Amino acid sequence: MTQTAKAAKKTTSAKASATKEAKAKAPAEEKVVTEVRKPAAKKKSALAFPFTSIVGQEEMKLSLILNIIDPRIGGVLVMGHRGTGKSTTVRALAEVLPFIPRVKGDIYNRTVEQYIEMEASGKGAPAIKPEDVKTELIPVPVVDLPLGATEDRVCGTIDIEKALTSGVKAFEPGLLAQSNRGFLYIDEVNLLDDHLVDVLLDVAASGKNVVEREGISIRHPARFVLVGSGNPEEGELRPQLLDRFGLHARIITINDVAKRVQIVKLRREYDEDPEAFMKKVTCDQQKLQKKIVAAQQLLPQVTMDDKVLTDIARLCMNLGIDGHRGELTITRTAHAYAAWEGDTQVTMKHVREIAGLCLRHRLRKDPLETVDAGEKIDRELAKVLGEAEAAA
Amino acid sequence: MIAFTDIVGMDLAKQALMLLAVDPSLGGVVIPSTVGSGKSTLARAFADILPEGTPFVELPLNVTEDRLIGGVDLEATLASGQRVVQHGVLSKAHKGVLYVDSLSLLDSSAVSHIMDAISRRAVIVEREGLSEVHPADFMLVGTYDPSDGEVRMGLLDRIGIIVPFTPVNDYRARKQIVNIVMGTRDEEDTQDELRMLRGLIEAAREQLHKVSMTNEQIKGLIQTAISLGVEGNRVDIFAIRAAIANAALNQRTEVDDEDLKLAMKLVLVPRATRMPEREPNPEEMAQEEPPPQDEQPQDEQPQDEAEEDNAPPDSTDADAEEEQKDEPDMIEELMMDAVETELPDNILNISLASKKKAKSGSRGEALNNKRGRFVRSQPGEIKSGKVALIPTLISAAPWQASRKAEQKKKGIKSTAALIIAKDDVKIKRFRDKSGTLFIFMVDASGSMALNRMRQAKGAVSSLLQNAYVHRDQVSLISFRGKHAQVLLPPSQSVDRAKRELDVLPTGGGTPLASALLTGWETAKQARTKGITQIMFVMITDGRGNIPLGAAYDPTITKAPKEDLEKEIEALALSIQSDGIASIVVDTQMNYLSRGEAPKLAQKLGGRYFYLPNAKAEQIVEAALS
């Protein structure tokens, strides 16, 4: 019996009894019945259009990549016109993501440290030595949260099957567990039910999912990069949720004929024979993946002058942005961007490139404002830079 | 059952369905048409021309979420003690057709699920302990009557073909329909024709890969999409597929002008957001809705200075125009040809059709057990709602030992691990989506002088800002000239309301009665979608001078004052008795006032504000109280 199982079992009232639970879907990989059900092996990763073949929409692609380099940036919200490849791009992301180590078979994708901390903290639990824990490499998980998901599947809940067959209360982890240390993607995020939004806000803020329902009490890490996409014309996003996203990429219909012809051609080629197409781009995909990993490794060495930080703070102040999340996001994103560019020193040049992404959604919302948020940021940025240059 | 080949008229719709049969990756066909045009008959007959064994699933309008995407089959699960999965309607349509009649009446959560399924070609079920992926690659065939409301753009965007709106069949065609229904046609002929058609489609499917298309042709379609202001890039692919499918259907290996023209007609033109113009013009946003044909002021001052300075230049539009110059002449001509014959009529027809009386089908109290947000569970019968599984199990749990003992005593052998009695069953209670729909009716007639229009816009903006915070829905109706116009159907997009308001043209008469009618219809449509709280915010001087009939009959321009008042009174009474709250914001200058606006407020049983005095906050407060 795994340690995780014990943790879950603490909360159960009845004793586990091995029953005819070997269902087709749940691979019973251990002889002893575990209390935490593994999710059905379901994601037969359907072929997705490759990331490197997506034409244009650089803003969205960059924001996703920056979030891979540093997940602490806090995710990205992609809003824009219909049919511009929002969800295609996000779903393509999975293929270029690097690998992470986790405790072998751990449903929460925990690192060894997280695992030990959680499993060994209970009273009476035996100490676990790091060297006893087996690990494995998995690609950074990308979990798709469909609109119709019910709260119990998102947070995890009592394993109904087990309750029915053996009368045992067991915890069945939800999508939040699967998305720990990965990406959680919500298409049409502006149409998500309010109660699910509440849940997400809660978990995103604490990095922990706490389940206290139907007689189950469990907490597990759920730290994910939130990626949302939608079309603003279909409805607005709740301000609290908007604030949660680190970056806000905007995406509009490409009106360049040559580019559109290229999009159409690539798409048709892909539709004709997806596998052959994927083979053709493997090299590009791997190159991108390598560049991302290189940036990740460079990131700890990237530094930033206090002067740049002062300029960032002044920019946020001039724009009247509440709280400090603006500065924080710019700082992190600028570091990641510098690493992506192969630089070890953050300059205002980097900041200029990413300021719009970081701040666009943090400006005070005035539905009647006619000035575009991007323009406003550019203007203030120029002012700050001008001042900086004059002072120098 | 009437066969596909027997259906007369609606040639374009038939052709569209045939293209879809040839290339299912077109995604689907949407047919907007008026009642009784035979659109549903045609859609159902679509099955005739598909290869045998193709699933054809009709989606009931009142479908519940779990029936739509699938879930646990509760009765079977409880009976067997094993989890039994029930596939939803969407996955049942896999590799076949999903047919929706009255697509515009489908509630928004169902529309979202359909959109999601189309984009993934699968349904992801993450519900009630289930986590599965069911394939759902289907063609969507939808019909609707535009007077019931419009279909959500997000959904239309994922469907390849939209048949241009055809209001009425001509009488000859109708006669023939009657003949068919009366059974005067030979059954054998029909079968032969169908067989031929199926053969044709099969041949075309094989031909599909052999059809080639030149770069110029692809460019031409894309160019057209750009100059029509079609949003998104997805549509390019659909247009190309449609052109190729048509070439294949005609057993050609090269796409020709006819194919291109058809693709423009069926794919691009119905999504146009503007008329293609040779000269770029930043005021184009106003063209999204056609201006009333009659621009002359009726009996008021001409309004030349109509709000020119408020229209913001639209950056996307400007970008689009830049590319226009260097396109091949041939393609442009072709496009103008396709567009000019289709576009003006098409758009005008739709906007006229929506003036007709809409049916309102109230679904009443049942809503509480089926839709909205799950709040709590309560005892009830399995049949009367959705079962709340976990509370049911919990209430059954304590009795297991005694029930098993009892069964044993009675000699009943049961393999069920759990014995659930009727009393244990708990059903879910839902709460309707709260929030109010604010229908703004803005008088844009000539009597709204510029200054007052600005004030009115200011008042509306405060309310919009508030609506944004409270996540209410807003709808915007303007009235000027001959009739009122829905500028923005109920939506949460405050942005759009703001944009529409910014470019609102003024001038012309005051069709107050038409405004009330349009508002009432919008309200009724919203009610069918589960919005219960509705408030009219009327910004007007209350001096209606255009009768209702003017919207339909160009010869009517005036009516006696008593008649006008009667119309308004009748409408106001109906609106009031429908439980719709109202606020009238009077924009009249004091010295001109004859007290029309207060009277209107009285008739509507609503509150009255005099704009020049009223502060925006007061109006907001009144609207929210």
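Residues numbered from 1 in each chain as written. Chains lettered and ligands numbered in written order. Predicted model: local features only at pLDDT ≥ 70, side-chain atom pairs only at ≥ 80, totals over all residues.

1. A few points about the overall build of chain A
Okay, so step 1: Within chain A, the regular secondary structure consists of 15 helices and 13 strands.
Okay, so step 2: Long-range contacts, defined as pairs at least 24 residues apart, comprise 76% of the intrachain contacts of chain A with a sequence gap of at least 6. (Helix = DSSP H or I, 4+ residues; strand = E, 2+ residues; numbered from the N terminus. Contact = placed C-beta atoms within 7 Å.)

2. Description of the overall build of chain B
Okay, so step 1: When helices and strands are counted, chain B shows 23 helices and 17 strands.
Okay, so step 2: Buried residues in chain B amount to 48% of all 625 residues.
Okay, so step 3: Considering only residue pairs separated by 6 or more positions, chain B has 81% of its internal contacts joining residues 24 or more positions apart. (Buried ≥ 20, exposed ≤ 12 C-beta atoms within 10 Å, placed from the backbone.)

3. Regarding the environment of Leu319 of chain A
Residue and element names in this part refer to chain A.
Okay, so step 1: Checked against the element boundaries, Leu319 lands in the loop between α12 (306–318) and α13 (325–341).
Okay, so step 2: A tally of 20 C-beta atoms within 10 Å means that Leu319 is categorised as buried.
Okay, so step 3: Linking Leu319 and Leu363, residues 44 residues apart in sequence, is a C-alpha distance of 7.0 Å.
Okay, so step 4: In this structure Leu319 touches Leu359, Leu363, Lys376, Ile377 and Glu380, once residues within four positions along its chain are discounted.

4. Quick word on the sheet that holds strand β13 (residues 473–480) of chain B
All names here are of chain B.
Okay, so step 1: Spatially, β14-β13-β12-β15-β16-β17 is the arrangement adopted by the six strands of the open sheet, whose pairing is mixed. In this open sheet, the two edge strands, each paired with only one partner strand, are β14 (483–491) and β17 (607–610). Averaged over all adjacent pairs, the angle separating strand axes in this sheet is 15 degrees, with direction ignored.
Okay, so step 2: Pairing analysis gives six bridges linking β13 to β14, with the strands arranged antiparallel. Each residue of the ladder has a partner; that of Phe479, found in β14, is Ala484. (Pairing = 2+ DSSP bridges. Axes fitted to C-alpha atoms, helices over the stretch in contact; angles between N-to-C directions.)

5. Quick look at helix α10 (residues 215–227) of chain B
Residue and element names in this part refer to chain B.
Okay, so step 1: Compared with the 18 Å implied by 1.5 Å per residue over 13 residues, the 18 Å span of α10 between its first and last C-alpha is a close match.
Okay, so step 2: Most of α10 is tucked away: ten of the 13 residues are buried.
Okay, so step 3: Within α10, the full set of buried residues consists of Gln217, Ile218, Gly220, Leu221, Ile222, Gln223, Thr224, Ala225, Ile226 and Ser227. (Expected span 1.5 Å × (residues − 1).)

6. Points about the confidence of the model for chain A
Residue and element names in this part refer to chain A.
Okay, so step 1: For chain A, the mean per-residue pLDDT works out to 80, and 80% of the residues sit at or above 70.
Okay, so step 2: Here helix α1 (residues 3–9) stands out as the least confident element of chain A, with mean pLDDT 43; strand β13 (residues 345–346) is the most confident, with 95.
Okay, so step 3: For the stretch residues 1–45, pLDDT sits under 50, and the model shows 71 contacts to residues farther than four places along the chain or on other chains. (pLDDT = per-residue confidence, 0-100.)

7. Overview of the nonpolar core
Okay, so step 1: Residues Leu93, Phe183, Leu184, Tyr185 and Ala355 of chain A are the most contacted members of the largest nonpolar core, which totals 92 residues.
Okay, so step 2: With residues near it in sequence (within four places) discarded, Leu184 of chain A still touches Val143, Leu145, Ser179, Phe224, Leu226 and Val227 of chain A.
Okay, so step 3: Grouped together as the second largest cluster of nonpolar side chains are 90 residues, Leu130, Ile222, Leu266 and Leu268 of chain B included. (Core = buried A, V, L, I, M, F, W, Y, C linked by C-beta atoms within 7 Å.)

8. Digging into the sheet that holds strand β7 (residues 183–187) of chain A
Residue and element names in this part refer to chain A.
Okay, so step 1: Ordered in space as β4-β7-β10-β1-β11, the five strands form an open sheet in which the pairing is parallel. Of all strands in the sheet, those bounded by a partner on one side alone are β4 (142–144) and β11 (247–251). With direction set aside, neighbouring strand axes in the sheet form an average angle of 20 degrees.
Okay, so step 2: Sheet analysis places β4 next to β7, joined by three bridges and oriented parallel. Across the sheet, Val142 pairs through a bridge with Phe183, a residue of β7.

9. Topic: the environment of Ser40 of chain B
Residue and element names in this part refer to chain B.
Okay, so step 1: For Ser40, the location among the structural elements is in helix α2 (residues 39–45).
Okay, so step 2: Along the chain, Ser40 and Val100 lie 60 residues apart, while their C-alpha atoms are 9.0 Å from each other.
Okay, so step 3: Residues within four places of Ser40 in sequence aside, it is in contact with Asp101 and Thr143.

10. Some thoughts on the packing of α10 of chain B against helix α12 (residues 257–268) of chain B
Residues and elements named next belong to chain B.
Okay, so step 1: At a closest axis distance of 11 Å, the pairing of α10 and α12 adopts a crossing angle of 30 degrees. Between α10 and α12, the interaxial angle falls into the category roughly parallel. Between α10 and α12 lies a crossing whose hand is right-handed. For the pair formed by α10 and α12, the contact residues are Gln217, Gly220, Leu221, Thr224 and Ala225 on the first element and Leu260, Ala263, Met264 and Leu268 on the second.
Okay, so step 2: A class-by-class count of the residues in the contact of α10 with α12 yields six nonpolar, three polar and no charged. (Parallel < 35°, antiparallel > 145°, perpendicular 65-115°, else oblique. Left-handed = near helix turned anticlockwise from the far one by under 90°. Nonpolar A, V, L, I, M, F, W, Y, C, P; charged D, E, K, R; others polar.)

11. A closer look at the pairing of strand β12 (residues 436–443) of chain B
All names here are of chain B.
Okay, so step 1: In terms of burial, β12 is largely enclosed, as seven of its eight residues are buried.
Okay, so step 2: Two strands pair when backbone bridges link them, and β12 and strand β15 (residues 533–540) are joined in this way by seven bridges, in the parallel orientation. Each residue of the ladder has a partner; that of Phe440, found in β15, is Val537.
Okay, so step 3: Pairing between β12 and β13: seven bridges, direction parallel. Each bridged residue has a counterpart across the sheet, and for Asp443 the counterpart in β13 is Phe479.

12. A few points about α13 of chain A
Residue and element names in this part refer to chain A.
Okay, so step 1: Here α13 is 17 residues long and its end C-alpha atoms lie 24 Å apart, about the 24 Å a rise of 1.5 Å per residue gives.
Okay, so step 2: Extensive coverage of α13 is indicated by the burial of twelve of its 17 residues.
Okay, so step 3: Listed as buried for α13 are Gly326, Thr329, Ile330, Arg332, Thr333, Ala334, His335, Ala336, Tyr337, Ala338, Ala339 and Trp340.
Okay, so step 4: Just beyond α13, the residue with positive phi is Gly342, at close to 85 degrees.

13. Quick notes on the packing of α12 of chain A against helix α14 (residues 348–359) of chain A
All names here are of chain A.
Okay, so step 1: Where α12 meets α14, the axes come as close as 10 Å, and the angle between the chain directions of the two elements is 30 degrees. Between α12 and α14, the angle is such that the two are roughly parallel. Of the two possible hands of crossing, α12 and α14 adopt the one that is right-handed. Residue-level inspection shows Val308, Asp311, Ile312 and Leu315 of α12 in contact with α14, the latter providing Met348, Val351 and Ala355.
Okay, so step 2: Of the residues belonging to the contact of α12 with α14, the class tally is six nonpolar, no polar and one charged.

14. Digging into the pairing of strand β1 (residues 28–32) of chain B
Residue and element names in this part refer to chain B.
Okay, so step 1: The buried count for β1 comes to five of five residues, which makes it a mostly enclosed element.
Okay, so step 2: Along β1, one buried face is formed by Gly28, Val30 and Pro32 and the opposite face, lined by Val29 and Ile31, is buried too.
Okay, so step 3: Note that β1 and strand β8 (residues 139–144) share five bridges and pair parallel. Bridge assignment links Val30 to a residue of β8, and that residue is Gly142.
Okay, so step 4: Strand direction decides the pairing type here: β1 and strand β9 (residues 161–162), joined by two bridges, are parallel. Across the sheet, residue Val29 finds its bridge partner in β9, namely Ile161.

15. Some thoughts on the confidence of the model for chain B
Reading predicted coordinates in detail is not appropriate for stretches of low pLDDT.
Residue and element names in this part refer to chain B.
Okay, so step 1: Summarising the model, chain B shows a mean pLDDT of 74, and 70% of its residues fall at 70 or more.
Okay, so step 2: Contacts for the low-pLDDT stretch residues 278–328, under 50 throughout, to residues beyond four places or in other chains number 84 contacts.
Okay, so step 3: This model gives residues 341–373 a pLDDT under 50, and the stretch forms 65 contacts once residues within four places in sequence are excluded.
Okay, so step 4: In the predicted complex, the global pTM is 0.67; the interface-specific ipTM is 0.75.

16. Things to note about unusual backbone geometry
Okay, so step 1: For Lys95 of chain B, which is not a glycine, the phi torsion comes out positive at approximately 65 degrees.
Okay, so step 2: Relative to the assigned elements, Lys95 of chain B resides in the loop between α5 (89–92) and β5 (97–101).

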